[in-house]
Amino acid sequence: LRAKDAAFRVPVVDSLTLTVLTDSGTFGPFLPDLDLPGLKVLRAGNGSPPGYTRMSPKALMGEFGLSLLADSRVGDASRRVLDFGYTAEVLANNMGMLGIDPSSIDASVLSHGHLDHYGGFPAMTGSAEKRGRPLPLYVGGEETFCERVAMIGDPPPVMGILDRAALTKAGYEVRISPTPQIVADQAFTTGIIPLETFERTAIPTRMRPGAGCERTGLRSDKRDLAEVTDDGEHELATCYAIKGLGLVVIASCSHRGVLNSVRRAQAISGISKVQMVIGGFHLVRPRTEEEARQTVSAFKVIDPDYIVPMHCTGEVFIEEAIRQMPSKVIRPYVGTRLAMA
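Basis of the calculations
Residues numbered from 1 in each chain as written. Predicted model: local features only at pLDDT ≥ 70, side-chain atom pairs only at ≥ 80, totals over all residues. Heavy atoms only, no water. Helix = DSSP H or I, 4+ residues; strand = E, 2+ residues; numbered from the N terminus. Buried < 20%, exposed > 50% of the residue type's maximum accessible area, 1.4 Å probe, protein only. Contact = heavy atoms within 4.5 Å. Areas by Shrake-Rupley, 256 points an atom, 1.4 Å probe, with all protein chains shown as cover. Lys, Arg positive; Asp, Glu negative; His and termini not counted. Charge placed at Lys NZ, Arg CZ, Asp CG, Glu CD. Expected span 1.5 Å × (residues − 1). 1 Å grid on protein atoms, 1.4 Å probe; cavity = no way out; pocket = protein on both sides within 12 Å on 5 of 7 lines; lining within 4 Å. Points joined across faces, edges and corners; volume = space filled by probe spheres on them. Nonpolar A, V, L, I, M, F, W, Y, C, P; charged D, E, K, R; others polar. Phe/Tyr/Trp six-rings, centres within 6.5 Å; stacked < 30°, edge-to-face > 60°. Lys NZ or Arg CZ within 6 Å of the ring centre and 35° of its normal. Pairing = 2+ DSSP bridges. Axes fitted to C-alpha atoms, helices over the stretch in contact; angles between N-to-C directions. Disulfide = S-S within 2.5 Å.

## What to know about the overall build of the protein chain
Reasoning step 1: Helix and strand counts for the protein chain come out as 7 helices and 20 strands.
Reasoning step 2: Buried positions account for 56% of the 341 residues belonging to the protein chain.
Reasoning step 3: Here the contacts in the protein chain between residues at least 6 apart in sequence split such that 76% fall between residues at least 24 apart.
Reasoning step 4: As displayed, the protein chain offers around 13800 Å² of accessible surface, 53% of which is attributable to carbon and sulfur atoms.
Reasoning step 5: Of the charged side chains in the protein chain, 37 are positive and 39 negative, and the gap between their average positions amounts to 4 Å.

## Here we look at helix H5 (residues 258-269)
Reasoning step 1: Compared with an ideal rise of 1.5 Å per residue, which puts 12 residues at 16 Å, H5 spans 17 Å between its outermost C-alpha atoms and is within 8% of the ideal.
Reasoning step 2: The element H5 is extensively covered by neighbouring structure, given that 9 of its 12 residues are classed as buried.
Reasoning step 3: Among all positions of H5, only Val258, Leu259, Asn260, Ser261, Val262, Ala265, Gln266, Ile268 and Ser269 are buried.
Reasoning step 4: In this structure, the buried residues of H5 make contact with strand S13 (187-189), strand S16 (238-242), strand S17 (246-251), strand S18 (274-280) and helix H6 (289-302).

## Quick notes on the layout of surface pockets
Reasoning step 1: Considering only enclosed or pocket space, the largest pocket measures out at about 480 Å³ in volume.
Reasoning step 2: Counting residues per element, the ones that place at least two in the lining of the largest pocket are helix H2 (115-118) and strand S10 (158-160).
Reasoning step 3: When its residues are assigned to classes, the lining of the largest pocket shows 13 nonpolar, 6 polar and 2 charged.
Reasoning step 4: Quantified by volume, the second largest pocket comes out at close to 170 Å³.

## Details of the packing of aromatic side chains
Reasoning step 1: Under the criterion given, the structure shown has 5 aromatic pairs.
Reasoning step 2: The interplanar angle of 80° and the centroid separation of 5.9 Å between the aromatic rings of Phe121 and Tyr172 together place this pair among those described as edge-to-face. Highlighted residues: Phe121 in the loop between H2 and helix H3 (127-131) and Tyr172 in strand S11 (residues 172-176), separated in sequence by 51 residues.
Reasoning step 3: Under the relative-accessibility criterion, Phe121 is labelled buried at 9%.
Reasoning step 4: Relative accessible area serves as the criterion here: at 4%, Tyr172 is assigned to the buried category.
Reasoning step 5: Members of the aromatic cluster, each reached through a chain of ring pairs, are Phe84, Phe121 and Tyr172.
Reasoning step 6: The ring of Phe145 carries Arg164 above its face, with NZ or CZ at 4.0 Å from the centroid.

## Topic: empty space enclosed by the protein
Using a probe with the size of a water molecule, rolled over the atoms, empty space left in the structure can be pinpointed.
Reasoning step 1: Counted according to the given criterion, the structure contains 3 cavities of 30 Å³ or more.
Reasoning step 2: Each pocket or cavity is described by its volume, and for the largest cavity that value is around 100 Å³.
Reasoning step 3: With 3 residues, the top contributor of residues to the lining of the largest cavity is strand S5 (residues 67-74).
Reasoning step 4: Per-class residue counts for the lining of the largest cavity are 10 nonpolar, 3 polar and 1 charged.

## Quick look at the sheet that holds strand S15 (residues 228-229)
Reasoning step 1: Across the sheet, 4 strands lie side by side as S10-S9-S14-S15; this open sheet has antiparallel pairing. Here the strands that pair on one side only, and so sit at the sheet edges, are S10 and S15.
Reasoning step 2: Where strand S9 (residues 147-150) meets S10, 2 bridges bridge the pair, whose relative direction is antiparallel. Its bridge partner lying in S10, Arg148 is registered against Gly160.

## Considering the sheet that holds strand S3 (residues 34-36)
Reasoning step 1: Taken together, the 9 strands give an open sheet; going across it, the order is S3-S4-S20-S2-S5-S6-S7-S8-S11, and neighbouring strands pair in mixed fashion. Each edge of the open sheet carries a strand with a single partner, namely S3 and S11. Across the sheet, the mean angle separating the axes of adjacent strands is 20° when strand polarity is ignored.
Reasoning step 2: Relative to strand S20 (residues 337-340), strand S2 (residues 15-22) runs antiparallel, the two sharing 4 bridges. When the bridges of S20 are listed, Leu18 appears paired with Leu338.
Reasoning step 3: Where helix H1 (residues 88-97) meets the sheet, it contacts S2 and S5, and its direction lies at approximately 130° from that of S2.

## Overview of the state of the cysteines
Reasoning step 1: Applying the stated criterion across every chain, the model contains 1 disulfide.
Reasoning step 2: Between the sulfur of Cys146 and that of Cys213 lies a disulfide, 2.0 Å long from S to S. The chirality of the disulfide connecting Cys146 with Cys213 is right-handed, given an S-S dihedral of about 95°. With a gap of 67 residues between them, Cys146 in the loop between strand S8 (135-139) and S9 and Cys213 in the loop between strand S14 (205-208) and S15 connect regions that are remote in the sequence.
Reasoning step 3: The closest cysteine sulfur to the non-disulfide-bonded Cys239 is located on Cys253, 16 Å from its own sulfur.
Reasoning step 4: Unpaired in terms of disulfides, Cys253 finds its nearest cysteine sulfur in Cys312, a separation of 3.4 Å.
Reasoning step 5: Looking at Cys253, the relative accessible area reads 4%, which means it is buried.

Fair warning: the whole summary comes from geometry, so function is off the table for now.
Right under this line is the structure:
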C-alpha cells in the first residue's frame with residue numbers, strides 16, 4: 001500500500017467518517033442506507049440524524065456551498081476537521097440538527113478563497129473559548145485573502161474578501177502553507193497542486209492583489225497588478241490514509257483539477273490505492289462536456305473504490321460516471337454520513 005521511499009510521511013487512520021454538512025442536494029427519508037465493501041452510507045432523513053426514527057418539523061438546509069466534517073480515529077484518539085460552506089446560518093442549523101458541537105472541532109482546512117467555501121466560518125464563533133484554545137485554520141497561500149470578482153454576469157459581481165481580522169475575532173489561528181501539512185495529527189493537506197494531467201485551471205473568478213491580501217505574499221508576477229485571472233495557485237485538497245483501504249481525497253472544488261489533486265495526494269503520500277474521491281470536481285463552465293467525459297475515462301485508470309461527486313461537479317460527469325462505473329458512484333445529500341473502516 002505504501003511506497004518505501006515516500007517523501008512525506010502521512011498518518012494512517014483506523015477509520016474515517018465524512019458527514020455532509022452543506023451542499024445543494026437535500027433529500028427526505030426514502031433513500032436506503034448502504035453497506036458496501038469498506039463503506040457504510042448512512043442517510044439522514046428530514047433533518048434527523050441517521051438512526052433517529054422520529055420525523056422532525058425542522059429540516060436540514062441546502063445551498064450552493066460545500067462543508068464536510070471529517071471524523072477520524074487512530075486507536076482511542078479521535079479528531080474532527082471541518083470546512084465551512086457558504087453561510088453561517090445553514091452551517092449552524094445543520095450542525096445543530098446533526099448534534100455536532102462546534103467546540104469539538106480540532107482544526108479546519110479552507111480549500112480556497114471563494115465565498116461559497118469560507119462564508120460559513122462565523123458559525124464557529126465562540127467555540128474557541130469553550131475549547132480553551134484557538135482553532136487552527138490551514139490555507140494554501142496569501143491569495144486566499146484577496147478580493148475576487150465572479151465572472152458570471154455583466155457587470156461581474158464582486159465576491160468579496162475573507163476578512164482576516166474577523167477570523168481572529170471568531171477564534172481562528174490562521175496557518176498559511178503552500179507545502180503539505182499534517183492536520184490535527186490524522187489528516188494531511190496536498191499543499192499546492194501541480195498541473196500534471198490534461199486538466200487546465202478553470203476558475204470563473206479574477207483576483208485583486210492588494211485588496212484584502214498582502215502584495216508581498218503573492219507571486220512576483222501577480223503582486224503589482226490591479227486584477228489578475230485566478231489560477232487557484234493557493235488551492236488545497238484535504239486527504240486521509242485509511243489502514244487497509246487507501247487514500248481518501250477531499251477535492252472541495254477542484255479548480256486545479258480533481259485528477260491533479262488525486263495524483264498529488266498519491267505522490268506525497270507514496271500510496272497509490274484510492275478508496276474515495278469526494279467533493280466538487282468543477283466539470284462545468286469554463287470546462288467543457290468533453291473534459292467531463294475525459295475525466296471519467298481517467299478515473300477508470302485510477303480506479304478508486306468510490307467516487308462521490310458533489311457541489312460544482314456537473315451532471316455530465318455524474319451521468320457518464322454512473323453509466324461507466326455504476327458500482328463506484330455514491331450520491332450524497334445533506335446529512336449523509338460515509339463511514340469507512
